Amino acid sequence: MNRGLNRFAILVACATFFLIIAGALVTSHDAGLATSDWPLSNGQVFPKMVGNLFWEHGHRMVATTVGMLTIVLMIYILVKEKRSWVRKLGIFALLAVIAQGLLGGLTVKLMLPLWVSSAHATLAQLFFCTTVSLAIFTSRSWIEARPIEEEKEGPPLRYLCTAALVTIFLQLILGATLRHSATWDQKPPIELILAHIGGAFAVTLILGGTGLTVLRRHKGEKFLTRPAMIALSLLVVQLFLGVAAYMTRLASPKDPQPLNPMVGITVAHVACGALVFVSTIVLTLRTYRVLPATNEHSTWAARPQES
Ligand code: HEM
Ligand code: HEM
């Protein structure tokens, strides 16, 4: 295990989280077209950071820093890391951040079309997921983890976690589509709100069920219970933030400008959504690391063979 590499991967993951907040601030201030120029801003490398340019150009600066950090991380991984799949993930992280930067430029050039802005918001979550995974794979707890016996009842946790992860990812795509369908001066489309509320029920059911199963089956195994507890707590916060985001968004078209409560709550909802996603990724990766693929003795696994 290389401590320096692991610390650097953690730094890149934290910087990516900060970048997601910086990006969400652009959307919530409706600052995406503060300049319709790209890669320069109003023909300048560094324009005066006034008005909405502060948010838009600031986001570009943070994105450039994260891009540079990702290049260094990839080189660090290629020099120090022996596992070929981790090396490949390091290269993938760089390709993802380049694609994300290009999508960012494209959304400006095309004047923020729904599909490009939503794809930019969704790829941001996937890139965050990649940097967090690199931090996990290079950590001591991952490398030194030993197999844990799965309880002999019910479906294997690996599958439950994967189902929760896929449901959250679909909910993030729905959230991004909803968010980019209406700026602060318009009411969000009701059919997307209903779909997103349906998604929130599905996530609560599947992630809630999975988290509680982890706590019940693996009491005392902090390697699994810690991410499960964190994911469950964040889910509760996210549900409250979602309702608050909906209420402030309904009121926002009457505001003279995007007001701070709406900006703060919607940005917090995006950021907490990212944290729910990555805490579930950590839980899922860890179940794959320490729990068996199938539970041969489980009554659940045995059922199809019996019939
Ligand atoms: C390279 C890494 C980047 C990441 C991880 C990233 C991430 C994000 C995120 C999370 C959002 C908020 C989405 C939302 O609130 O729904 C956002 C918005 C935005 N980003 Fe980026 N971004 C990156 C690079 C760039 C670049 C290079 C540009 C260049 C112009 C850019 C332009 C924008 C714009 C214009 C928005 C607002 C879109 C809208 O309001 O419709 N981004 N970004
Ligand atoms: C499992 C729970 C939830 C998750 C994971 C989640 C996730 C998200 C994400 C990630 C976004 C923004 C996507 C982006 O632009 O990148 C979003 C937007 C939004 N969500 Fe949720 N959400 C959840 C529950 C809810 C609930 C219960 C409501 C209540 C109605 C809600 C209302 C909204 C609204 C109104 C927006 C758009 C905000 C805006 O326009 O700025 N969400 N959601």
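Structure: see above.
Residues numbered from 1 in each chain as written. Chains lettered and ligands numbered in written order. Predicted model: local features only at pLDDT ≥ 70, side-chain atom pairs only at ≥ 80, totals over all residues. Heavy atoms only, no water.

### Examining the overall build of the chain
Across its full length, the chain carries 10 helices and zero strands. Ordered by position in the sequence, the α and β elements of the chain form the string α-α-α-α-α-α-α-α-α-α. The globule rule puts the C-alpha radius of gyration for 307 residues at 19 Å, and the 21 Å found for the chain is close to it. With the C-alpha coordinates of the chain rotated into their principal frame, the extents come out at 65 × 50 × 30 Å. Looking at the chain as a whole, 49% of its 307 residues are labelled buried. Taking all contacts inside the chain whose residues are at least 6 apart in sequence as the whole, residues at least 24 apart take part in 78%. For the chain, the computed accessible surface area is about 15400 Å², with 70% contributed by carbon and sulfur atoms. Across the chain, the centroid of the 26 positively charged side chains sits 8 Å from that of the 15 negatively charged ones. (Helix = DSSP H or I, 4+ residues; strand = E, 2+ residues; numbered from the N terminus. Rg over C-alpha atoms; globule rule 2.2 N^0.38 Å. Buried < 20%, exposed > 50% of the residue type's maximum accessible area, 1.4 Å probe, protein only. Contact = heavy atoms within 4.5 Å. Areas by Shrake-Rupley, 256 points an atom, 1.4 Å probe, with all protein chains shown as cover. Lys, Arg positive; Asp, Glu negative; His and termini not counted. Charge placed at Lys NZ, Arg CZ, Asp CG, Glu CD.)

### Remarks on the environment of A245
Tracing the backbone through its elements, the reader meets A245 in helix α8 (residues 222–251). Through-space distance from the C-alpha of A245 to that of A268 is 8.9 Å; in sequence the pair is 23 residues apart. Not counting chain neighbours up to four residues away, the residues in contact with A245 comprise I265, T266 and H269.

### Some points on the site of ligand 2
With respect to spatial proximity, 22 residues lie near ligand 2, and among them R179, H196, R249, T266 and H269 are the closest. Listing elements by their share of the shell around ligand 2, those giving two or more residues are α6 (157–181), α7 (190–217), α8 and α9 (260–290). (Near = heavy atom within 4 Å.)

### Comments concerning the coordination of the iron atom of ligand 1
Coordination of the iron atom of ligand 1 by the protein is provided by H59 (NE2) and H120 (NE2), with metal-donor distances spanning 2.0 Å. One can describe the donor arrangement at the iron atom of ligand 1 as octahedral, given that its six donor atoms subtend angles of 87 to 179° at the metal. Of this pair, H59 sits in helix α2 (residues 53–80) while H120 sits in helix α4 (residues 114–137), and the two are 61 residues apart along the sequence. With a relative accessible area of 19%, H120 lands in the buried category. (Donors = N, O, S within 2.8 Å, 3.2 Å for Na, K, Ca; no water. Tetrahedral: all angles 85-135°; square planar, octahedral: opposite > 155°, others 65-115°.)

### Details of the coordination of the iron atom of ligand 2
The iron atom of ligand 2 binds to the protein through H196 (NE2) and H269 (NE2); the donor distances cover 2.0 Å. In this structure, the iron atom of ligand 2 is coordinated by six donor atoms arranged in octahedral fashion, with angles at the metal of 88 to 179°. Here H196, found in helix α7, pairs with H269, found in helix α9; they are 73 residues apart in sequence, far enough to count as distant. We classify H196 as buried; its relative accessible area is 16%. Here H269 falls in the buried class, since its relative accessible area comes to 18%.

### Description of the site of ligand 1
Around ligand 1, a shell composed of 26 residues is seen, among which H59, S117, H120, R179 and H180 lie nearest. Within the side chain of S117, an N or O atom sits 2.9 Å from an oxygen atom of ligand 1. R179 is positioned such that a nitrogen or oxygen atom in its side chain is 2.8 Å from an oxygen atom of ligand 1. Here the shell around ligand 1 takes seven residues from helix α3 (residues 84–109), the largest share from any one element. When its residues are assigned to classes, the shell around ligand 1 shows 11 nonpolar, 12 polar and three charged. (Polar contact = N/O pair within 3.5 Å; in protein donor to acceptor, adjacent residues only side chain to side chain. Nonpolar A, V, L, I, M, F, W, Y, C, P; charged D, E, K, R; others polar.)

### Quick look at a nonpolar patch on the surface
A cluster of nonpolar side chains, contributed by I190, L194, I197, F201, V243, Y246 and M247, occupies part of the molecular surface with about 720 Å² of accessible area. Counting only elements with at least two residues in the nonpolar patch, the list comes to α7 and α8. It is α7 that contributes the most residues to the nonpolar patch, four residues altogether. Position of Y246 relative to the elements: it lies in helix α8. The partly exposed category is assigned to Y246, whose relative accessible area is 32%. (Patch = residues over 30% accessible without salt bridge, like charges linked within 9 Å, V, L, I, M, F, W, Y side chains within 5 Å. Salt bridge = Lys/Arg side-chain N within 4 Å of Asp/Glu carboxyl O.)

### Side note on the pattern of salt bridges
Per the stated rule, a full pass over the model turns up three salt bridges. With its nearest N and O atoms 2.8 Å apart, the salt bridge here joins R60 to E56. One end of the pair is R60 and the other is E56, both in helix α2 and four residues apart, which spans about a single turn. The shortest N-O distance in the salt bridge between R83 and E81 comes to 2.7 Å. Judged by relative accessible area, which is 22%, R83 ranks as partly exposed. We classify E81 as buried; its relative accessible area is 10%.

### Observations concerning α3
Along an α-helix, residues three or four positions apart point the same way, because every turn accommodates 3.6 residues. Over its 26 residues, α3 runs 38 Å from end to end, which matches the ideal 38 Å to within 8%, given 1.5 Å per residue. The complete set of buried residues in α3 reads V86, G90, A93, L94, A96, V97, Q100, L103, G104, G105, T107 and V108. Where the residues of α3 are buried, they touch α2 and α4. Positive phi appears at M111, one or two residues downstream of α3, with a value of about 65°. (Expected span 1.5 Å × (residues − 1).)

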